[in-house]
Every structure is written in C-alpha cells, then in structure tokens.
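Single-letter residue listing:
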Amino acid sequence: MGGIVGKNKSPRNVWIPETKLEAKMVEALQRSSAEGTAMKSFNSIILKFPKIDESFRKCKAIFEQFDEDSNGAIDQEELRKCFRKLEVSFEDEEINDLFEACDINEDMGMKFNEFIVLLCLDYLLKDDRTDLHAKLRMGMPDLEATSETLVNAFVFLDKNSDGYVSKSEMVQAINETTSGERSSGRIAMKRFEEMDWDKNGMVNFKEFLFAFTRWVGIDENEDDEEEKI
C-alpha cells in the first residue's frame, strides 16, 4: 500500500502509490484537501459516529442484492454481474483492482464492511465513475453525505496533504483535540495502530475506511452474531 522512495532533503520520505487505484485515491484526496475541510478536531469526527453507523446500515439491502447466493460475501463474479445490472462498464482490470482493494482479509469474498469501503471509494473516485455513483446513490440517499464526512475527516488528519496519514500527523490531530493531555499520545498511537492494517507506518484512505467500520461497530463478526439470533 505504497512505497518509500529516497530520502532527499525533504523532512520525510516520499510515499509512492503501488497501484493505479491507490494513485487515483491520492489524487482525489489531494483535490479535496485543496478545497479544505470543515473538520476542526478529532472529537468532531467521533461525534458523527452514530449518524455514520446509521447510514452504513442502510446499505445492507443493497449488499444483499449483490450477494446473489446469500453466503454473506460478494465474490468477483457477483461484483461483475452487479455492475452489468447497473449498466456500468468496468474493464476486468478495474474490477479486479476494486475487489482486491476491498477484500482486505484476502478471503476472495467481500463482506459487508468491505462492501461499505467499496461504496466510499466509489464516492471518492466519483469524477471517474459518475454513472455508477449516481445509480448507487438512488438506493442509498444518505451515503453521499456520509462519504463526504469521511473524506473530510481523512483530509483533517492528513496535515501535509500527501494522501496518507502518518503517526506524527495522528498525534498532531489528537493533540489539537485534547489540548496536551498526558494520555493524548497513547490515544493517538492506539487509533493509528487500528488504522495501519499492513503495519507499514502509513495509512491510506482505504485503511482509514476499514478502521472506521470497526469504530462505529460495522464488522463481519457483528454480522455473524446477528445471523445466529
């Protein structure tokens, strides 16, 4: 999820996207950063958790439509069929990239929390896929506002606007909220570790989204419990 190139004279290493999809994510986030963010503190992000949780759960019906065999996960073929039904044209390479990006557990099945990440990535990249975004939005009217909130939250954390969040940026964001409380460093590190899925020291937007689904309580374990009830 990105690679380091050189040490040059810059204060930090240059982080280079590893895939075309990641590069598009970075470009879109940098455009959003140039427009500014309404987020003023990490607490302002936390206060939005209940509303984001509610919006995410409204996506369940769409997920179930995509999951044709009702096994709790969307495979690549189901994803292809879904795009065909929506009359959206994706090349095989693009579908593979999207699927691999969202199948973070690499179990060849996109669970509900991973599907939410797909929808949010679609919002971020909507300039490239306006047709898909418009059709998905029809079934989930709250999703656009929620996705915009998440983009703004990431931009708030990404202090140097390079499309990634570092440990130092997370500490800075938490410190702005806690006004120098002694526990702020530990809180920042805990939150960062929750986001840094591949433990490479940098968090991209996809990892941030996965962390968010856990923070608001949307994860595959919870879904499994609901099915047992």
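Residues numbered from 1 in each chain as written. Predicted model: local features only at pLDDT ≥ 70, side-chain atom pairs only at ≥ 80, totals over all residues. Heavy atoms only, no water.

- In the nomenclature of an unreviewed UniProt entry, the chain is known as Calcium-binding protein CML21 of Tripterygium wilfordii.

1. Some points on the state of the cysteines
Inference 1: Applying the stated criterion to the full structure yields 0 disulfides.
Inference 2: As a non-bridged cysteine, Cys-59 has Cys-120 as the owner of its nearest cysteine sulfur, 7.5 Å distant.
Inference 3: Judged by its relative accessible area of 0%, Cys-59 falls in the buried class.
Inference 4: Cys-120 provides the cysteine sulfur closest to Cys-102, a residue in no disulfide bond, and the two sulfurs are 9.5 Å apart.
Inference 5: You can call Cys-102 buried: its relative accessible area is 0%. (Disulfide = S-S within 2.5 Å. Buried < 20%, exposed > 50% of the residue type's maximum accessible area, 1.4 Å probe, protein only.)

2. Digging into the pattern of salt bridges
Inference 1: Per the stated rule, a full pass over the model turns up 7 salt bridges.
Inference 2: One salt bridge connects Lys-190 with Glu-194, and the closest N-O pair in it is separated by 2.6 Å. On the criterion of helical spacing, the pair formed by Lys-190 and Glu-194 is a turn pair, its members being 4 residues apart in helix H11 (residues 184–195).
Inference 3: Owing to a relative accessible area of 52%, Lys-190 belongs among the exposed residues under this scheme.
Inference 4: Through salt bridges that share partners, Lys-190, Arg-191 and Glu-194 make up one connected network. (Salt bridge = Lys/Arg side-chain N within 4 Å of Asp/Glu carboxyl O. Helix = DSSP H or I, 4+ residues; strand = E, 2+ residues; numbered from the N terminus.)

3. Here we look at helix H3 (residues 49–57)
Inference 1: Within the sequence span of H3, burial applies to Phe-49, Ile-52, Asp-53, Ser-55 and Phe-56. Taken around the axis of H3, the buried residues stretch over an arc of 165 degrees, which confines them to a single face. Looking at H3, the residues exposed on the side facing more than 90 degrees away from the buried face are Pro-50 and Lys-51. (Arc of directions from axis to C-beta.)

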